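Fold and contact review
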Amino acid sequence: MHAEEKMTNETWPASPEKATLEAKNKFLGFWFFLGGETVLFASLFATYLALKDKVPTGDHYLAKDLFEMPLVFLMTMLLLTSSLTSVYAMYHMKNFAFKKMQLWLGITVLLGLTFLGLEIYEFNHYVHEYNHTFTSSAFGSAFYTLVGFHGAHVAFGLLWIISLMIRNAKRGLSLYNAPKFYVASLYWHFIDVVWVFIFTVVYLMGMVG
Amino acid sequence: MSTYAQKKGVGAVIWDYLTTVDHKKIAILYLIAGGFFFILGGLEAMVIRIQLAIPDNNFVSAGFYNEVLTMHGTTMIFLAAMPLLFAFMNAIVPLQIGARDVAFPFLNSLGFWLFFFGGVFLNLSWFLGGAPDAGWTSYASLSLASEGHGIDFYALGLQISGAGTLIAGINFLVTIINMRAPGMTYMRMPLFTWTTFVASALILFAFPALTVGLFFMMFDRLFGSNFFDHTMGGNTVIWEHLFWIFGHPEVYILVLPAFGIFSDIISTFSRKRLFGYSSMVFATVLIGFLGFMVWAHHMFTTGLGPIANAIFAVATMAIAVPTGIKIFNWLFTMWGGSIKFTTPMMYAVAFVPSFVAGGVTGVMLAVAAADYQYHDTYFVVAHFHYVIIGGVVLSLLAGTHYYWPKMFGTMLDEFLGKITFWLFLIGFHLTFFIQHFLGLMGMPRRIFTFLPNQGLEIGNLVSTIGAFFMAVAVIVLLWNIVITSVKNVKVGNDPWGDGRTLEWAISSPPPFYNFKQLPLVRGLDAYWIEKMEGKKEMTPAEPLGDIHMPNSSFIPFMISLGLFIAAFGAMYRVDYAWGLPVLVVGMAITLLSMLVRSIKDDHGFHIHKEDLIDDKDKGGKA
């Protein structure tokens, strides 16, 4: 099978993300990339745990004073749901249903954007209400770096998925762009998994002290 | 002459190399850039040795000495040793597994240009207010106190070139897994391919730790964060951990491919199958795994406590076991072989005892209690130079002679090669053997001078004399390269006559599409098997067909250039108002270039089989 072949519903393979050699390479290479990303986030988590609540003076707010469950829970639900909707998108991609795939990707993007908006609100809230900033303490530096790296990944993922949707809007699916959609969705799942750990390690463990 | 190879003007050649995605041309780019930085790092080493030749010397100032020392280490590790290994990996590994190219030709080019711009950025510090001066390890308490922008050049330059290395690592992993020719099972891969594979996995899992550490360093110095500032709750030991979680696997990233090159050379010139092939593979994988378990042996004196020290000490000593397996396998490969002492083989024979010496001092240093005595003395300097020069640099010099005909189609002069070898080997041992004793006598490392009448004069003078031997050896090598290139006597597929692996079954240099038909691999040492059956070439595994090739691209250069510009902006943002816009423009160049790459379809092109048929002599050998 070639990437440039014009595909129909009948000729569309079961695993279009791995149908050509280029696609196989991209699939495997992206998994490796995510392996490297895992080490990156592991380093950030380790640093956060080492510097949690490490502040210069007693008048700084600590993790147990800062975090509020309702907001973080809402963010978690939004991101988890967006992972599910991206699964639906890939399901339709595998069934050669381009329009439906675009629709579910669109919903994924909207959920991601809402998550990002809430995160910006959250950071803004900490900075203005609690004076908890990137430069105020080692705790602040570690918190904003870990959660901010995740946020930057979300932002990049959104730009990526939106670019793919616009670029391919008029021409539908092919074996050339199917792997691109697929690895973008892998990336999105990875971001989601990282958030699950952030939710646990930063927020849940933060609230119990 | 093939239809695709035509004579080109100088401008066209430069443009070709700026945009190339061909692994063989990228190998040449790595060789030139890595060679340049190797000479630069060597000159810095000469400054160090001249300054330390006599006591109370004032050849350079203390501050400049710190910069030279830092840049020597940083340049040699990141900008010379690794890129030179990448040169051979790129040139040889795709051929050894019978692949058309690497899995991601575009990313291959991107990896090179990121490394190149990172290296140039780091070295521009010499002209822009001073180089980094906190040692190649750049421990945080020291580097945060360093004035000027030297450390910023270090953090940003290594960040950019590190991204290139990571990309190269992923590329080789996928290439080796997905692109092997029919019949090339894992346990038939040549040792250089195996070690490249394991080293690439180490790159993948080690470099992100450095990335994070460098981010923290950059944030602390340029954006006001407090990771390492204890007055704000920070912790300086975090840098040490992150640096060595990367830094120790880095040692194996360098030395494993060196082992691979020597394994191939030793079996080629002993004209024997590598002894204990499967145990060699096992030892390589085990060293790679253990390499991640030992980082804290660099931090025995940090104060992690006796339990942590004991665990890391034992883990470190355990690495001697798989390394010992390798040493004996090399010896047993030579034992009973019909050895031909070519220049590469002489390096290989010299490597074994030199590296063992470095390994023995390594086990000495692993004894945590004793390490309190050795720590930060010239004993450590002697140890790691025995490992890095005795292992890595000897392999790079061996590889240069061994693979030169495959990369450039002409043989380096053997007589000059042997002169280089003897000068370098004698110079190396002269320089560093005595440093063990200087260290045991208490000479601390990283000092810019020493006092007379403390028994350190003769040792230091001998060491400096040795360094000049190595410098002359490198000059002879450069002269060898020049006259070889001028003479340019073309050689055939298998110029050493004893090639065992697939790269020797193809013309020197290979055509740009590599094997015209993918070769059928029937066992370990695939080409040797065919030769033993009286055949001159590999059996093809497929009928002649169209070959799919990737398009050249200028985008990798632009992505890297954008980061290079952005790094200046990030650094000068704290001093000048124009810094921020430059940062934004640089990032915009990078992101827009990535966007262009994403939205512009790139299907590559096909070489039609009709054009391949009359191309008999070039790729036709398989």
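The name that an unreviewed UniProt entry assigns to chain B is Cytochrome c oxidase subunit 1, with the source organism given as Mesobacillus persicus. UniProt lists a comment for chain B under the heading Sequence similarities (unreviewed entry), and it reads "Belongs to the heme-copper respiratory oxidase family." What the UniProt record of chain B gives under Subcellular location (unreviewed entry) is the line "Cell membrane".

An unreviewed UniProt entry lists chain A under the name Cytochrome c oxidase subunit 3, with Mesobacillus persicus given as the organism. The Subcellular location (unreviewed entry) comment attached to chain A in UniProt states, word for word, "Cell membrane".

Remarks on the interface of chain B and chain A
By a widely used convention, the size of an interface equals the accessible area lost when the partners come together. Counting from both sides, the interface comprises 39 residues of chain B and, opposite them, 39 residues of chain A. In total, chain B and chain A occlude about 3100 Å² of area from one another, counting both sides; carbon and sulfur atoms represent 70% of this. When the buried area of chain B at its contact with chain A is split by residue, Phe227, Met232 and His603 of chain B rank highest and sum to 15% of it. A salt bridge links Arg167 of chain A to Asp601 of chain B; the shortest N-O distance between them is 3.5 Å.

Considering the side chain of Lys406 of chain B
Residue and element names in this part refer to chain B. Turning to its location among the elements, Lys406 is positioned in helix H14 (residues 378–408). One buried charged residue, Lys406, remains without a salt bridge, the closest side chain of opposite sign being Asp494 at 7.1 Å. Sequence-distant contacts of Lys406, that is, excluding residues within four places in its chain, are made with Ile92, Leu95, Asn493, Glu503, Trp504, Ile506, Ser507, Ser508, Pro509 and Pro510.

Let's talk about helix H15 (residues 414–440) of chain B
Residue and element names in this part refer to chain B. With 27 residues, H15 should cover 39 Å at 1.5 Å per step; its first-to-last C-alpha distance of 39 Å lies within 8% of that length. Structurally, the start of H15 carries an N-cap: the backbone nitrogen of Phe415 is 3.1 Å from a side-chain oxygen of Asp413. Looking at the residues trailing H15, positive phi occurs at Gly442, about 105°.

Description of the side chain of Thr343 of chain B
By the secondary structure assignment, Thr343 of chain B is in helix H12 (residues 343–366). Residues within four places of Thr343 of chain B in sequence aside, it is in contact with His401, Glu414, Gly417 and Lys418 of chain B.

So, how was this worked out
- Residues numbered from 1 in each chain as written.
- Chains lettered and ligands numbered in written order.
- Predicted model: local features only at pLDDT ≥ 70, side-chain atom pairs only at ≥ 80, totals over all residues.
- Heavy atoms only, no water.
- UniProt positions renumbered as here; feature names shortened; annotations may be inferred.
- Contact = heavy atoms within 4.5 Å.
- Buried area = accessible area lost by both parts, 1.4 Å probe.
- Salt bridge = Lys/Arg side-chain N within 4 Å of Asp/Glu carboxyl O.
- Helix = DSSP H or I, 4+ residues; strand = E, 2+ residues; numbered from the N terminus.
- Buried < 20%, exposed > 50% of the residue type's maximum accessible area, 1.4 Å probe, protein only.
- Lys, Arg positive; Asp, Glu negative; His and termini not counted.
- Expected span 1.5 Å × (residues − 1).
- Polar contact = N/O pair within 3.5 Å; in protein donor to acceptor, adjacent residues only side chain to side chain.

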